[in-house]
Amino acid sequence: MSERDAKVVTNLSNRATPTFKDRKVAYRGALDTPFRIQWPKVPLSVQNSVLTEIISALRGVADYHNMVRQLNRKRKKAQRSLSPNQKQKIDMEAETTKLPGTQMAIHDDNESDGDDYDSDVPDIPAHTVVTHLVAGLNQVTKRLESQVRSVRSSSLITTSTSQPHVDKKPDLCFIVACRADVDPPFMIDHLPHLVAAYNSLGSNSIRLVTLPKGSEATLAEVFGVRRVTVIGLDVDFPHLKMLNAIAEAIPVLTAPWLSRVSMGRGLIPTHVKQVHTTVPRDMKAAREQKLKEKALKKGS
């Protein structure tokens, strides 16, 4: 049994505390589910190189987000002096005009009827990099789920069926996660499964890369937000070619049982996990003590 196929489980047990104190550590083999997708093993040098390249690509994004926040504050401050009808009109206009890559609504100041509204504040064009990435665990998860659904639905649609044209966002193809900074770590354990499902069903592939410890704070500072755990990059990301070259040796996650190609399917290797537990050092003495305890309980 190779080290790759074995997994050590050290979860705390809910069983009663053993009465026999003289115990030793032991490992017991047990079958594990083969449908668990493990995180890819990324060398520390590759993690640092990917982090450096992403920091270089995000240069100027923090200033962009700060400018957007300042613009939003000025407009909110100016709206306080407007009448309810003017505020309603501005809110309706804001729904139709938004800054790409942000969740802040921007409207045209020249159409405002309020004299106190700051009409000299210009709109900020979207940063080139921001429009080609998705930041945040929830947003990346939603995009991955959408891509998996899209790939699955496309496999069920026949070529004769005509489908209406729908504007689709570019697919994510490179995801970085600050796994070492997430506590508890199982909060992002669904990402390998989503990535493997997409890679097995679609013709394109997504590469999942973990970053070194402390990357969460570094990316948050470069990105201009409080926290960034996961970042997804789409196929049009400017620095994508360099990132793919750095992470070329990282294996692409797949789920063989979801593969469309039946010829590529094979038997899934047996997965064995080693359960970390303790056993008495002297099994004979422990057995005798257990029999004595049972006899005392019956006598009482």
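Procedures and definitions
- Residues numbered from 1 in each chain as written.
- Predicted model: local features only at pLDDT ≥ 70, side-chain atom pairs only at ≥ 80, totals over all residues.
- Heavy atoms only, no water.
- Buried < 20%, exposed > 50% of the residue type's maximum accessible area, 1.4 Å probe, protein only.
- Helix = DSSP H or I, 4+ residues; strand = E, 2+ residues; numbered from the N terminus.
- Pairing = 2+ DSSP bridges.
- Right-handed = clockwise from strand over helix to strand, strands pointing away.
- Axes fitted to C-alpha atoms, helices over the stretch in contact; angles between N-to-C directions.
- Parallel < 35°, antiparallel > 145°, perpendicular 65-115°, else oblique.
- Left-handed = near helix turned anticlockwise from the far one by under 90°.
- Contact = heavy atoms within 4.5 Å.
- Nonpolar A, V, L, I, M, F, W, Y, C, P; charged D, E, K, R; others polar.
- Core = buried A, V, L, I, M, F, W, Y, C linked by side-chain atoms within 4.5 Å.
- Expected span 1.5 Å × (residues − 1).
- Polar contact = N/O pair within 3.5 Å; in protein donor to acceptor, adjacent residues only side chain to side chain.
- Phe/Tyr/Trp six-rings, centres within 6.5 Å; stacked < 30°, edge-to-face > 60°.
- pLDDT = per-residue confidence, 0-100.

A. Summary view of the pairing of strand β4 (residues 172–177). Of all six residues that make up β4, six are buried, and the element is covered over most of its length. Sheet topology note: the β4/strand β6 (residues 230–234) ladder contains five bridges and is antiparallel. Looking across to β6, one finds that Ile175 is bridged to Gly232. In this fold, β4 hands off to helix α5 (residues 191–201), which returns the chain to strand β5 (residues 207–210); that crossover is right-handed.

B. Geometry of the packing of helix α1 (residues 44–57) against helix α6 (residues 215–223). Running from amino to carboxyl end, α1 crosses α6 at an angle of 15°, the nearest separation of the two axes being 10 Å. Comparing the axis directions of α1 and α6 gives the class roughly parallel. Our pair here, α1 against α6, has a crossing hand that is right-handed. Note on element contacts: α6 touches α1 through Ser215, Thr218, Leu219 and Val222, opposite Leu51, Ile54 and Ile55. For the contact of α1 with α6, the class distribution of residues is five nonpolar, two polar and no charged.

C. Expanded view of the nonpolar core. Residues Val50, Leu58, Phe174 and Leu219 are the most contacted members of the largest nonpolar core, which totals 30 residues. Secondary-structure elements contributing two or more residues to this core are α1, α2 (61–79), β4, α6, β6 and α7 (240–246). Here this core gets five residues from one element, more than from any other, and that element is α1. Excluding residues within four positions of it along the chain, Phe174 makes contact with Val50, Ile206, Arg207, Val209, Ile231, Gly232, Leu233, Leu240, Leu243, Asn244 and Ala247. Leu172, Leu208, Leu253 and Ala255 belong to the second largest nonpolar core, which has 25 residues in total.

D. Quick look at helix α8 (residues 283–299). For α8, with 17 residues, the first-to-last C-alpha span of 25 Å sits near the 24 Å given by 1.5 Å per residue. By the N-cap criterion, in which a side-chain oxygen at the helix start approaches the backbone nitrogen of a residue two or three places on, α8 is capped by Asp282, the distance to Lys284 being 3.3 Å.

E. Representation of the packing of aromatic side chains in the model. Considering all chains together, one arrives at one aromatic pair under this definition. With a centroid separation of 4.8 Å and 90° between ring planes, the pair formed by Phe35 and Trp257 is classed as edge-to-face. Note that Phe35 is positioned in the loop between β2 (23–31) and α1 and Trp257 in the loop between α7 and β7 (272–280), a separation of 222 residues in sequence. Given the relative accessible area of 44%, Phe35 is considered partly exposed. For Trp257, a relative accessible area of 30% puts it in the partly exposed group.

F. Representation of the sheet that holds β4. The sheet built from four strands is open, its strands ordered β3-β6-β4-β5 with mixed pairing. Two strands in the sheet have a free side with no partner beyond their single neighbour: β3 (133–135) and β5. Averaged over all pairs of adjacent strands, the angle between strand axes in this sheet comes to 15°, irrespective of strand direction. Direction of pairing for β4 relative to β5: parallel, over a ladder of four bridges.

G. Representation of the side chain of Thr141 within the structure. Summarising the element assignment, Thr141 is placed in helix α4 (residues 137–156). Those residues within four positions of Thr141 in sequence are excluded, and the remaining contacts are His190, Leu191 and Leu194.

H. Highlighting the confidence of the model for the chain. When pLDDT is averaged along the chain, the result is 77, and 71% of the positions lie at 70 or above. In the model of the chain, strand β1 (residues 6–9) stands out as the element of lowest mean pLDDT, 58, in contrast to β5, which has the highest, 95. Ignoring residues within four places in sequence, the model shows residues 97–122, a span with pLDDT below 50, making 63 contacts including any to other chains. Note that residues 158–162 has pLDDT below 50 and, in this model, zero contacts with residues that lie over four places away or in other chains.

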